[in-house]
Every structure is written in C-alpha cells, then in structure tokens.
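# Breakdown of the fold
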Amino acid sequence: MADNKAHQQWVAEHTTRVVMNLNHNTDAAILEKLASVPSKQGYIKQLICADIARSK
C-alpha cells in the first residue's frame, strides 16, 4: 500500500496529464493514424519535438 501511495505522489509531482477529445467524423484521419502507430504518446511527442526544432 505504501508503494502505491508513493507512486501516486511521484506521479502527481512529476507528470502532467493532457487530454483531448477527437470527433469520430471530423477527426477520422487523425484517429486512423493514431491507431496505426505502436505508441500514440511517443508519436505525438515526436511530432511536437520536430515542430519545436523547426521553430528554433
């Protein structure tokens, strides 16, 4: 139990949750692409990092 509480505290202190809603109709292409990649989080991070690098 202590490990779980410690983990929850660590998560609260060191992470930020970002949530977005995608529409099945208007965002279908985005949803299809995300379904095709092995890691949605990794793919989105890669895109953001590439955008940051381009803007420097």
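Preceding this section is the structure that the text describes.
Presented here is a report on the structure given in the accompanying data block.

### Overview of the overall build of the protein chain
Assigned secondary structure in the protein chain consists of 3 helices and 0 strands. Reading the secondary structure of the protein chain in the N-to-C direction produces α-α-α. By the compact-globule yardstick of 10 Å for 56 residues, the protein chain is too spread out, its C-alpha radius of gyration being 16 Å. When the backbone C-alpha atoms are referred to their principal axes, the protein chain occupies close to 45 × 35 × 20 Å. Burial analysis of the protein chain (56 residues in total) assigns 5% to the buried set. By element, 56% of the accessible surface of the protein chain is carried by carbon and sulfur atoms, the whole surface being about 5,500 Å².

### Some points on the environment of Thr15
Relative to the helices and strands, Thr15 resides in the loop between helix H1 (2-14) and helix H2 (28-36). Given a relative accessible area of 40%, Thr15 falls into the partly exposed group. In terms of polar contacts, Thr15 uses its side chain to reach the backbone carbonyl oxygen of Val11, at 2.6 Å.

### Things to note about the side chain of Asp27
Inspection of the secondary structure puts Asp27 in the loop between H1 and H2. Of the side chains bearing the opposite charge, Lys40 lies closest to the buried Asp27, which forms no salt bridge; the N-O distance is 15 Å. Excluding residues within four positions of it along the chain, Asp27 makes contact with Asn21 and Leu22.

Definitions and limits used
Residues numbered from 1 in each chain as written. Predicted model: local features only at pLDDT ≥ 70, side-chain atom pairs only at ≥ 80, totals over all residues. Heavy atoms only, no water. Helix = DSSP H or I, 4+ residues; strand = E, 2+ residues; numbered from the N terminus. Rg over C-alpha atoms; globule rule 2.2 N^0.38 Å. Buried < 20%, exposed > 50% of the residue type's maximum accessible area, 1.4 Å probe, protein only. Areas by Shrake-Rupley, 256 points an atom, 1.4 Å probe, with all protein chains shown as cover. Polar contact = N/O pair within 3.5 Å; in protein donor to acceptor, adjacent residues only side chain to side chain. Lys, Arg positive; Asp, Glu negative; His and termini not counted. Salt bridge = Lys/Arg side-chain N within 4 Å of Asp/Glu carboxyl O. Contact = heavy atoms within 4.5 Å.

None of this, on its own, says anything about what the molecule does.
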